[in-house]
Amino acid sequence: MKVLKFGGSSVASADNIIKIKNIVSSYDENIILVFSAFGGITDQLLEAGLLASQQNVGYQTIIKKIEDRHLDTVKELIPVTAQSKVLSKVKSELNVLETLLEGAYLIGELTKKLSDKIVSYGELLSSYIISEYFVTQSLDCEYRDSRELIVTRNVMGKDTVNFNLTNANCTAYFNAVKSKIIICPGFIASSETGDSTTLGRGGSDYTAAIYAAAINAELLEIWTDVSGMFTANPKIVKQAKAIKHISYEEAMELSHFGAKVLYPPTIQPVLNKGISIVIKNTFEPQEAGTLITKSKNEKGKTVRGISHIGNIALLSLEGPGMVGIPGISKRFFEVLSQSDISVVLITQASSEHSICVGIASADVERAVNVVNEAFEFEIERGFIKPVHPEQNLAIVALVGDNMKSHQGLSGKMFSTLGKNNVNIRVIAQGASERNISCVINEKDVKKALNALHEEFFEENIKQLNLFVMGVGNVGAKFLNQIKLQHKFLKENLKLNIRVIGISNSRNFYFDEKGINLDSWQDVLSKGEKADKDVFIEKVNALNYRNSIFVDNTASEEISNTYSSFLGNSISVVTCNKIACSSKYENYLSLKSLAREYNAPFLFETNVGAGLPIIDTLKHLIASGDKILKIQAVLSGSLNFVFNNFSDQTTFHDIVKQAQEEGYTEPDPKIDLSGIDVMRKILILARESGYALEIEDIANKPFLPEESLATTNNEDFFNSLKKYEADFQKLYTAAKNTDSKLKYVAQFENGEASVGLQQIPKGHDFYNLEGSDNIVLFYTERYPNQPMIIKGAGAGADVTASGIFADIIRIGNF
């Protein structure tokens, strides 16, 4: 024989009850069915009782809702020819319920005995209606009131099951019954004197477990609205999976920490008998669910699940007067126990200077008052400090039988949380080592659970969450590269890249599940009005793990936001040179924030677009080499211009072409004035360990002062036409010496300069083609023959690929 229990969500509607009938019809063996009240009815009965005791006539409105719901369900389920009897019985019971509530209203009081009787009607009515429906469907079933089988006794003010009487009642009845299906209401019982009592939280599960243990059932099945116990809360962690097999102890640990499909005390009767439990989904009965057995999981897995409890507060008792004084802990826990305050977590410093406990936030005010009152003597004399709570916290726990003595799990857990800037307030681990718990801020729960689940359950696939500012030329290419490489990265590098937010100068758009990169232009055009502050607020509010802010703009205003991201452990990848070439103090601050909050700050594309110039320089420095001199052509746009400029063209036309093909900044003057190259050599000097400012770099401009003074592109290009003869002179002078014009940056002996130079034949720069860049690193290891990095240094595609490469670097950290 099996025992099946169906919870409130499973019997919440007539349609759901029909689903249950179909499930039950598939069983060949005899079964006991235990039903909860219709979903939400128990809460309504409790509220009605409270209002009645407060002499608030609002209880009558609630009773009317309860009546309507039950009568409507009868009319939906029972054929018209059989309704009269059922409706009459339901109305009769509801009349008794209303009388009980009127009594509470008249006396202005709600005793426990009366409350139990009122609340019992939820299960009584649901079970009776379902049993009558099954009869109309020709199922061989009968109804039995659980109050006739389960007997409780009062022990120290609490109702506990009298198992001797209960087991005798169950054995006698279930052994004699002839029907294939026996339907019993859950949650309710009767006292030894015959009064209605309830079994408390998880009471319907408890009812089912009592019956299963009493008859030595083959299996206890608990049917709910989820397909078993999950590796994490599937509402928070979308990648969570149902656990196929789990031990009693693991199930109880997970249930204690928020896996609400099971309440630990309710399975004690079957645990004692070694009866297996299966958690099934009423709405997806074909799913295997979770099997809970006495044996440990056979595959030797360490972490079986990750769970949490929210709305937690910490209470710390501390002071020098606690050290070496026996009985302090006893008094502390005793006063909490006497006030009916449950302690969910305990830690104590080995110095005996402090004891910290976790309690429900709802109990905080009461706990503080009773503890401070109990230790008033010690507090007044300064032996112990007054208790002050810390609130808005949550407990996160790793659970698994095989975690015992398994090295590195705690380190892996705390390292994962640390990388995502999740601050750990308290750590607790029992001697069984089946559970590692820590207390964190409530706001970090979603990030913590997802990060831990990714680390322990997701086959080492790391999810990166991107927030992209700037989706113009470079940004659009970048998004397209992500789309094309998504499958490859997931399969080969175990990286799952999602773009969560995008913005241009007009609009921004967020999708918490990831933006479809086939249609990002459409959704962005319909997004909210662009606002960098709101964008930042949304990124920080989402608080995703492995978050990366990507700046594809040339905006100083956007570069000023980096600290707000790095300070929240959000990595920054940028092709915007302004931040790293701003004041040295700001540059150092950003690097410091990146280290402090473990948030990579990568800007490879600041120098040489997709070329690994900065990365190579970092490796040289990290390995102990020292930079002696840097010579470089760092402007792909200027190299393009001077490679194509001749006496057969005009300087104006070549610069215009460079702008149209995306080689220059939107304002070409930034490139041609040398400021862009100054920023690049400044960044290289700083990355080499030198404290330079932009003002320290000597700039020998080749543009006329009038061109440099223009304020818009139209005036700038007109000035280029005006001074065409001067540009031709520069070209002719280089040609006459068989040289080529190159805009060169140089750093040596702590000094930097940029300017147009005539490069003779045989020089490494002479044959530099198109928009290529080249860098020569002279170091202590390469003093005569420099290390050379050469390749395309401008263009949207290569810049986008450089940004992409930085993203992948972060993914591999």
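Residues numbered from 1 in each chain as written. Predicted model: local features only at pLDDT ≥ 70, side-chain atom pairs only at ≥ 80, totals over all residues. Heavy atoms only, no water.

### Overview of the overall build of the chain
Here's step 1: Check the secondary structure of the chain and you find 30 helices and 31 strands.
Here's step 2: Over its C-alpha atoms the chain spans a radius of gyration of 37 Å, topping by over 25% the 28 Å that the globule rule assigns to 813 residues.
Here's step 3: By principal-axis analysis of the C-alpha atoms, the chain measures approximately 115 × 75 × 55 Å.
Here's step 4: Buried residues in the chain amount to 53% of all 813 residues.
Here's step 5: Within the chain, residue pairs in contact and separated by at least 24 positions form 72% of the contacts whose partners lie at least 6 positions apart.
Here's step 6: If you average the places of the 83 positive and of the 96 negative side-chain charges in the chain, the two averages end up 4 Å apart. (Helix = DSSP H or I, 4+ residues; strand = E, 2+ residues; numbered from the N terminus. Rg over C-alpha atoms; globule rule 2.2 N^0.38 Å. Buried < 20%, exposed > 50% of the residue type's maximum accessible area, 1.4 Å probe, protein only. Contact = heavy atoms within 4.5 Å. Lys, Arg positive; Asp, Glu negative; His and termini not counted. Charge placed at Lys NZ, Arg CZ, Asp CG, Glu CD.)

### With respect to the sheet that holds strand β11 (residues 277–281)
Here's step 1: Across the sheet, 8 strands lie side by side as β3-β6-β2-β1-β9-β11-β12-β10; this open sheet has mixed pairing. At either margin of the open sheet sits one strand with a lone partner, and together these are β3 (141–143) and β10 (245–247). For this sheet, the mean angle separating the axes of adjacent strands, direction not counted, is 20°.
Here's step 2: The pairing of β3 with strand β6 (residues 181–185) spans 3 bridges and is classified as parallel. The partner of Y143 across the bridge, within β6, is I183. (Pairing = 2+ DSSP bridges. Axes fitted to C-alpha atoms, helices over the stretch in contact; angles between N-to-C directions.)

### Points about the packing of helix α5 (residues 112–119) against helix α6 (residues 121–136)
The axes of two packed helices give the description: the angle between them and the distance between them.
Here's step 1: Direction vectors running N to C along α5 and α6 enclose 20°, while the axes themselves pass 5 Å from each other. Between α5 and α6, the angle is such that the two are roughly parallel. Between α5, through K117, I118 and V119, and α6, the contact on the second element is made entirely by Y121, G122 and E123.
Here's step 2: Partitioning the contact of α5 with α6 into residue classes produces 3 nonpolar, 1 polar and 2 charged. (Parallel < 35°, antiparallel > 145°, perpendicular 65-115°, else oblique. Nonpolar A, V, L, I, M, F, W, Y, C, P; charged D, E, K, R; others polar.)

### As for α6
Here's step 1: Taking 1.5 Å of rise per residue, the 16 residues of α6 would be expected to cover 22 Å, and the 23 Å separating its terminal C-alpha atoms lies within 8% of that figure.
Here's step 2: Of all 16 residues that make up α6, 14 are buried, and the element is covered over most of its length.
Here's step 3: S138 lies just past α6 and shows a positive phi near 65°. (Expected span 1.5 Å × (residues − 1).)

### Concerning the environment of F187
Here's step 1: As for its position among the elements, F187 is in the loop between β6 and β7 (188–191).
Here's step 2: The spatial distance from the C-alpha of F187 to the C-alpha of S9 is 15 Å, given a sequence separation of 178 residues.
Here's step 3: In this structure F187 touches V119, E123, T197, T198, L199, G200, G203, S204 and T207, once residues within four positions along its chain are discounted.

### What about the nonpolar core?
Here's step 1: One finds F549, F651, I681 and F777 to be the most contacted residues of the largest nonpolar core, which totals 75 residues.
Here's step 2: Sequence-distant contacts of F651, that is, excluding residues within four places in its chain, are made with V641, F642, F645, L672, F702, L703, L720, E724 and F727.
Here's step 3: Among the nonpolar cores identified, the runner-up in size contains 49 residues, and V24, I41, L94 and L114 belong to it. (Core = buried A, V, L, I, M, F, W, Y, C linked by side-chain atoms within 4.5 Å.)

### Structural notes on the environment of L638
Here's step 1: Position of L638 relative to the elements: it lies in helix α23 (residues 636–644).
Here's step 2: Excluding anything up to four places from it in sequence, L638 contacts D671, L672, V677, F702 and Y743.

### Description of the packing of helix α16 (residues 473–493) against helix α30 (residues 796–811)
Here's step 1: It is at 9 Å that the axes of α16 and α30 come closest, and there the two elements cross at 45°. Taken together, α16 and α30 sit at an angle that is classed as oblique. Crossing handedness for the pair α16 and α30: right-handed. Across the interface between the two elements, N473, V474, K477, F478, Q481, I482, Q485, L489 and L493 of α16 pack against A796, D797, T799, A800, S801, I803, F804, I807 and I808 of α30. (Left-handed = near helix turned anticlockwise from the far one by under 90°.)

### A short note on the pattern of salt bridges
Here's step 1: One pass over the full model with this rule turns up 36 salt bridges.
Here's step 2: Among the salt bridges present, the one from K85 reaches E132, with a minimum N-O distance of 3.3 Å. In this pair, K85 is assigned in helix α4 (residues 80–107) and E132 in helix α6, connecting sequence segments 47 residues apart.
Here's step 3: Judged by its relative accessible area of 53%, K85 falls in the exposed class. (Salt bridge = Lys/Arg side-chain N within 4 Å of Asp/Glu carboxyl O.)

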